[in-house]
Amino acid sequence: MAQTNNTTAPRNNEVVNPQNATADKQPTTLRVVETRDMWAVVFDHTATLLARAVNGEAIEQIDQEGFAFGKRADEEGKTTRIAAKQQPNIRPYLWSLLAGFASRKGYKHAKGTALADRDLGSLAEQVFSSLFPKGDFANKVGKAEPKQAKSLIGAVIAKL
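None of these values were measured; they are calculated from a predicted model.

1. Observations regarding the packing of helix α2 (residues 36–54) against helix α7 (residues 149–159)
Viewed as axis vectors pointing N to C, α2 and α7 meet at an angle of 55 degrees, and their least axial separation amounts to 8 Å. Looking at the two axes, α2 sits oblique to α7. Along this stretch, α2 crosses α7, giving a crossing that reads as right-handed. Of the residues in α7, those touching α2 at Phe43, Asp44, Thr46, Ala47, Thr48, Leu50 and Ala51 are Ser151, Leu152, Ala155, Val156 and Lys159.

So, in structure tokens, the structure goes:
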């Protein structure tokens, strides 16, 4: 006779359900608190940093604060801290923007603009290396899916 985990069995005059013992050990689902406003902040700050890199201005690690990673304004206007595991996609979004800027589509949309004669890949690497000195550009940005190349190129040109 086959035994299943869904059966209940009497033990010491008590009914025991084997599923109840493991129900408490399952991880709870965390709520992700990324909003469209946060995505817009990351996009705008990335465009600003890329425009500064094009102009030859120095980018420092302190400029990472402009992304507001791990921060959120509540209803009263106070800034609260958010754990990194509650925002799992914000940093990869930055990496995918940099990948899109340095992609084939980025070069295609930069033709005939102020960025036409620039090496977009080295500019993206310069921004990444300034923000994350110990980070691996090839691993993080190189493996990211390129996103929003056309709109990012347009935003950088508008900031120049």
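2. Regarding the pattern of salt bridges
Side-chain pairing between opposite charges can occur once the charged atoms of the two side chains come close. The full count for this structure, using the stated rule, is 5 salt bridges. Close ionic contact of Arg52 with Glu57 constitutes a salt bridge, the shortest N to O distance being 3.4 Å. Here Glu57 falls in the partly exposed class, since its relative accessible area comes to 39%. Note that Arg52 and Asp63 form a salt bridge whose closest N and O atoms lie 3.3 Å from each other. Of the two residues, Arg52 sits in helix α2 while Asp63 sits in the loop between α2 and β3 (71–73), which places them 11 residues apart along the sequence. Residue classification places Arg52 among the partly exposed positions, given a relative accessible area of 22%. Judged by its relative accessible area of 15%, Asp63 is buried. Sharing partners across several salt bridges, the network here consists of Arg52, Glu57 and Asp63.

Conventions and cut-offs
Residues numbered from 1 in each chain as written. Predicted model: local features only at pLDDT ≥ 70, side-chain atom pairs only at ≥ 80, totals over all residues. Heavy atoms only, no water. Axes fitted to C-alpha atoms, helices over the stretch in contact; angles between N-to-C directions. Helix = DSSP H or I, 4+ residues; strand = E, 2+ residues; numbered from the N terminus. Parallel < 35°, antiparallel > 145°, perpendicular 65-115°, else oblique. Left-handed = near helix turned anticlockwise from the far one by under 90°. Contact = heavy atoms within 4.5 Å. Salt bridge = Lys/Arg side-chain N within 4 Å of Asp/Glu carboxyl O. Buried < 20%, exposed > 50% of the residue type's maximum accessible area, 1.4 Å probe, protein only.

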